[in-house]
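These are the residues of each chain, in order.
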Amino acid sequence: PFNEYAQKVCDRLKEAGLRAEADIGADRMNAKIRTAQNFRIPYMLVVGQQEADTDSAAVRFRDGRKETMKLDDFIAYIKEKIASRSIEI
């Protein structure tokens, strides 16, 4: 039901020059998260109604941390990591 918002988030990330892919398949959310973890995806953005209402995303970091961030704040965070060539993801 939130595929449209997920695609919008993906498009915004791509516009910002970031690599992004929206997994809007029929799999359950837990299966999607497990697949992303197996592929060692550094950041997973999980979206639902609350995130769509606040223009944000629930960010799951590779190390297991979880944090809800506004999309603009997440983009700024990632761009800072890229600019500083940080090895910490």
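What you see is a predicted model, and the numbers here were worked out from it, not measured in a lab.

Criteria and cut-off values
- Residues numbered from 1 in each chain as written.
- Predicted model: local features only at pLDDT ≥ 70, side-chain atom pairs only at ≥ 80, totals over all residues.
- Heavy atoms only, no water.
- Phe/Tyr/Trp six-rings, centres within 6.5 Å; stacked < 30°, edge-to-face > 60°.
- Helix = DSSP H or I, 4+ residues; strand = E, 2+ residues; numbered from the N terminus.
- Buried < 20%, exposed > 50% of the residue type's maximum accessible area, 1.4 Å probe, protein only.
- Lys NZ or Arg CZ within 6 Å of the ring centre and 35° of its normal.
- Salt bridge = Lys/Arg side-chain N within 4 Å of Asp/Glu carboxyl O.
- Contact = heavy atoms within 4.5 Å.
- Axes fitted to C-alpha atoms, helices over the stretch in contact; angles between N-to-C directions.
- Left-handed = near helix turned anticlockwise from the far one by under 90°.
- Nonpolar A, V, L, I, M, F, W, Y, C, P; charged D, E, K, R; others polar.

(A) Local environment of the packing of aromatic side chains. Counting across every chain of the model gives 4 aromatic pairs. With a centroid separation of 5.6 Å and 75 degrees between ring planes, the pair formed by Tyr43 and Phe61 is classed as edge-to-face. Taken together, the residues span a long stretch of sequence, with Tyr43 in strand β1 (residues 43–46) and Phe61 in strand β2 (residues 56–61) at a distance of 18 residues. Accessibility expressed as a relative area gives 4% for Phe61, which makes it buried. Note on Tyr43 and Phe74: the rings are 5.8 Å apart at their centroids and 75 degrees apart in plane angle, and the pair reads as edge-to-face. Placement of the pair is Tyr43 in strand β1 and Phe74 in helix α4 (residues 71–83), with a sequence separation of 31 residues. For Phe74, a relative accessible area of 4% corresponds to the buried category. For the cation-ring pair, Arg65 lies above Phe61, with the distance from its terminal atom to the ring centre recorded as 4.0 Å.

(B) Broad picture of the pattern of salt bridges. Per the counting criterion, the structure on display carries 3 salt bridges. Arg12 is the partner of Asp72 in a salt bridge, and the nearest nitrogen-oxygen pair spans 2.6 Å. One end of the pair, Asp72, is in helix α4; the other, Arg12, is in helix α1 (residues 3–15), with 60 residues separating them in the sequence. Of the charged contacts in the structure, one is a salt bridge between Arg65 and Asp63, with a shortest N-O distance of 3.0 Å.

(C) Structural context of the environment of Phe74. Distance from Phe74 to Val9, taken between C-alpha atoms, is 11 Å for residues 65 residues apart in sequence. With sequence-adjacent residues up to four places away left out, Phe74 is seen in contact with Leu13, Tyr43, Leu45, Val59 and Met69.

(D) Structural context of the packing of α1 against α4. It is at 11 Å that the axes of α1 and α4 come closest, and there the two elements cross at 35 degrees. When the axes of α1 and α4 are compared, the crossing they make is right-handed. Here Tyr5, Val9, Arg12 and Leu13 of α1 lie close against α4, whose contacting residues are Leu71, Asp72, Phe74 and Ile75. A breakdown of the residues in the contact of α1 with α4 according to their chemical character gives 6 nonpolar, no polar and 2 charged.

Keep in mind these numbers describe shape, not what the thing actually does.
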